[in-house]
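# Geometric and topological summary
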Amino acid sequence: MANSNEMTINLVVLGRTQTGKSAAGNSLLGSSDFESRRSPSSVTTCCSLGRSCRISGIIRRNGCELALCIRVLDTPSYPHSALSKEQVRDTVSSALAHHFGEEGLHLALLVLRADLPLCPDESDHAIQFLQELLGPTWKDFTAVLLTHADKAEEAGFSEEAYLHSASSTLLSLLSSVQHKYIFLDNQKSIIKEERAIVLRKLLNFIRQNKYRVLLLKHSKE
């Protein structure tokens, strides 16, 4: 926290190629810091840190309004079309330690597409990657961000109906992270009011975790 009137939350976005990971980071920041486009190959090849402007009207503590600052670390996808798992893991691990080593990480956001089924192999790889990056307490510091929720809505699924029809693989993953998940509408997320709703949900997850942070140090094996 920079001062008594400001709160900074540190986030990292993780996920497969073309899940909307970088776009989600831009939505959280309210900017276009991260390159995001459709491509037959992985777009993001290195980590990049984005910072939001001071955001008001989102959080109050002890009866006083605080200015909120969001810091988001965008990362190469895993699996990646050009980088090995070890290269992605080491790159992300080093960036986490460099940018959040002193203040700590509040949440890792695992980005999944709501309009595509989550298969067991994909879930297993994601969990293993999270465990290697964040350690044994990864579940306490991970939330799932379901992008392209507008596509699921177009198909006739409300959030409740979507979860009722979701695969056991996805439901098991959501249960593992104590049901910390957010649906992100890619069409509406740029709207100020929609962004505020998403940020309040993230802050609620952080509050439920008693504002704890995960301290990460880079170590080469």
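Throughout what follows, the structure given in this document is the object of discussion. (Residues numbered from 1 in each chain as written. Predicted model: local features only at pLDDT ≥ 70, side-chain atom pairs only at ≥ 80, totals over all residues. Heavy atoms only, no water.)

One finds Leu14, Leu73, Leu96, Leu105, Leu112, Leu134 and Tyr162 to be the most contacted residues of the largest nonpolar core, which totals 39 residues. Sorting the residues of this core by element identifies strand 1 (6–15), helix 2 (85–100), strand 5 (107–113), helix 3 (120–134), strand 6 (142–147), helix 4 (149–154), helix 5 (159–165) and helix 6 (168–176) as the ones contributing at least two each. Ranked by residue count, the leading element in this core is helix 3, at 6 residues. Leave out the neighbours within four places in its chain, and leucine 73 touches Leu11, Val12, Val13, Cys47, Ser48, Leu49, Ala95, Leu96, His99 and Phe100. Of all hydrophobic cores here, the second largest spans 29 residues; its members include Met7, Leu11, Leu29 and Leu145. (Core = buried A, V, L, I, M, F, W, Y, C linked by side-chain atoms within 4.5 Å. Buried < 20%, exposed > 50% of the residue type's maximum accessible area, 1.4 Å probe, protein only. Helix = DSSP H or I, 4+ residues; strand = E, 2+ residues; numbered from the N terminus. Contact = heavy atoms within 4.5 Å.)

What follows covers helix 3. For helix 3, with 15 residues, the first-to-last C-alpha span of 21 Å sits near the 21 Å given by 1.5 Å per residue. Burial in helix 3 covers these residues: Ser123, Ala126, Ile127, Phe129, Leu130, Leu133 and Leu134. Relative to the axis of helix 3, the buried residues are bounded by an arc of 160° and lie together on one face. Buried residues along helix 3 sit in contact with strand 1, helix 2, strand 5, strand 6 and helix 6. (Expected span 1.5 Å × (residues − 1). Arc of directions from axis to C-beta.)

A few words on helix 6. Of the positions making up helix 6, those classed as buried are Thr169, Leu170, Leu173, Leu174 and Ser176. Buried residues of helix 6, viewed axially, fall in a sector of 155°; they line one side. Residues of helix 6 that are buried make contact with strand 5, helix 3, strand 6, helix 5 and strand 7 (181–183). Positive phi appears at glutamine 178, one or two residues downstream of helix 6, with a value of about 55°.

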